[in-house]
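What follows is the residue order along each chain.
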Amino acid sequence: MRFLQFLDKWRFPVPFVYSDDYWMLDVGSHVFPIRKYRAIYEHLILLGARKNHFVVPQPAADEDVLLVHTPRYVKKLKTGTLSPAEIAMLELPFSSELVRFAWLAVGGTILTARLALEKGLAVHIGGGFHHAFHDHGEGFCVLNDIAVAAEKIRKEGIARRILIVDCDVHQGNGTAHVLSLKEDVFTFSIHQMDIYPSVKPESTVDVGLWSGDGDEKYLAALRSHFPRLYEEFKPDLVFYVAGADPYEKDQLGGLCLTLEGLRERDFLVLGEARRRRIPVAVVLGGGYAVDTEDTVRIHLNTIKIAQKVQRRFS
């Protein structure tokens, strides 16, 4: 029995945060592949994961959401009174189900952060909604789960210095703005310059790349900052936004990274953090490949690398 428990822990050393409610949100015919969440879950089950490897989140408490978002915006969301312009900025069909999805994603990222601090590494099969600001959402993002989780963890005193490593193809404009004046929070974003968002608030460090730059330029830029930033900032917790959208076949980005380039990115961010025993909470972020299975494969690769890294450095 003990051997089987050891084998199980060795095969799946990283807890997964996931809810079936994630993929049941109806967004209609949309570039946002909402069913990727269920597909990732099913692939992990086929790889041998069992239900005890998954932790089901609960929606965030309003008081936690209010650590970042304004009371007026929260009230508008909960009463369904956003203006047509505010709904248009979301670029998603507005519904009470979307509001629940947003609160649940925030709860999921808070839970992932707690598990990361406990276990060393945890993966949220969801989250990464980095375009949401204090008082509005945009770009498929209703609430900023990363910012809320960072503030919740800091408020509770279980981690003080937070480093956000945002590798989504789109700059984390909401996160940069929301956390810009927060002491002991460091925001890093490596992104494509010539796409949304047109206005990019300053992160602590922004690395702007251009359409077609590809693996070599991307990885060189990332290596110029990591692991150095881990050494200099010495975070208590890292949030890693492991976007799949720098991929060469993504519909909304043009950085043209290969699958191998994305794997190297993950090894660098995750491996160098865990080598230094820094806890990491992974959120998935975006991914809009022409073939959704490519997006799923990229996210699964991130999860496999997280598991490999955890086995090596736990």
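Reading the values: the criteria
- Residues numbered from 1 in each chain as written.
- Predicted model: local features only at pLDDT ≥ 70, side-chain atom pairs only at ≥ 80, totals over all residues.
- Heavy atoms only, no water.
- Pairing = 2+ DSSP bridges.
- Helix = DSSP H or I, 4+ residues; strand = E, 2+ residues; numbered from the N terminus.
- Contact = heavy atoms within 4.5 Å.
- Axes fitted to C-alpha atoms, helices over the stretch in contact; angles between N-to-C directions.
- Parallel < 35°, antiparallel > 145°, perpendicular 65-115°, else oblique.
- Left-handed = near helix turned anticlockwise from the far one by under 90°.
- Nonpolar A, V, L, I, M, F, W, Y, C, P; charged D, E, K, R; others polar.
- Buried < 20%, exposed > 50% of the residue type's maximum accessible area, 1.4 Å probe, protein only.
- Core = buried A, V, L, I, M, F, W, Y, C linked by side-chain atoms within 4.5 Å.
- Expected span 1.5 Å × (residues − 1).

Turning to the sheet that holds strand S7 (residues 237–241), a few remarks are in order. Taken in spatial order, the 8 strands make up an open sheet running S2-S1-S3-S8-S7-S4-S5-S6, and their pairing is parallel. Bordering the open sheet on either side are strand S2 (54–55) and strand S6 (205–209), each of which pairs with just one other strand. Summarising the sheet, S7 and strand S8 (residues 280–283) pair through 4 bridges and their orientation is parallel. Among the inter-strand pairings, tyrosine 240 is bridged to a residue of S8, identified as valine 282. The strands that helix H7 (residues 145–156) touches are strand S4 (162–166), strand S5 (185–192), S7 and S8; relative to S7, the one it contacts most, it runs at about 170°. Contacting strand S1 (16–17), strand S3 (121–124) and S8, helix H12 (residues 292–313) crosses the sheet at an angle of about 170° to S3.

Take the packing of helix H2 (residues 36–46) against H12 next. Their axes nearest at 10 Å, the elements H2 and H12 cross at an angle of 55°. With respect to their mutual orientation, H2 and H12 come out oblique. Helix-helix and strand crossings are classified by hand; for H2 and H12 the assignment is right-handed. Contacts between H2 and H12 involve Lys36, Ala39, Ile40, His43 and Leu44 on the former and, on the latter, Glu293, Thr295, Val296, His299, Leu300 and Ile303. Considering only residue class, the contact of H2 with H12 consists of 6 nonpolar, 3 polar and 2 charged.

What follows concerns the pairing of S3. Residue alternation in S3 divides its side chains into two sets, Leu121 and Val123 and Ala122 and His124, and both sets are buried. With 2 bridges joining them, S1 and S3 adopt parallel strand pairing. By the bridge assignment, valine 17 is partnered in S3 with histidine 124. In terms of strand pairing, S3 meets S8 through 4 bridges, oriented parallel. Counterpart to leucine 121 in the pairing with S8 is valine 280.

Among the nonpolar cores identified, the biggest contains 109 residues, and Tyr37, Val165, Phe188 and Phe239 are the most heavily contacted of them. Top contributing element to this core by residue count: helix H6 (residues 96–119), with 12 residues.

With that out of the way, let us pick up the environment of arginine 50. Structurally, arginine 50 can be placed in the loop between H2 and S2. What makes arginine 50 partly exposed here is its relative accessible area of 45%. Linking arginine 50 and phenylalanine 12, residues 38 residues apart in sequence, is a C-alpha distance of 9.4 Å.

The next subject is the environment of threonine 81. The residue threonine 81 is located in the loop between helix H4 (71–79) and helix H5 (84–90) in this model. Residue threonine 81 is classed as partly exposed on the basis of its relative accessible area of 45%. Once you skip the residues sitting within four places of it in the chain, threonine 81 turns out to touch Lys75 and Lys76.

Here we come to helix H11 (residues 259–275). Across its 17 residues, H11 extends 23 Å between first and last C-alpha, which sits within 8% of the 24 Å expected from 1.5 Å per residue. The complete set of buried residues in H11 reads Gly261, Leu262, Arg265, Asp266, Leu268, Val269, Leu270, Gly271, Glu272, Ala273 and Arg274. Positive backbone phi, at 60°, marks arginine 277, one or two positions downstream of H11.

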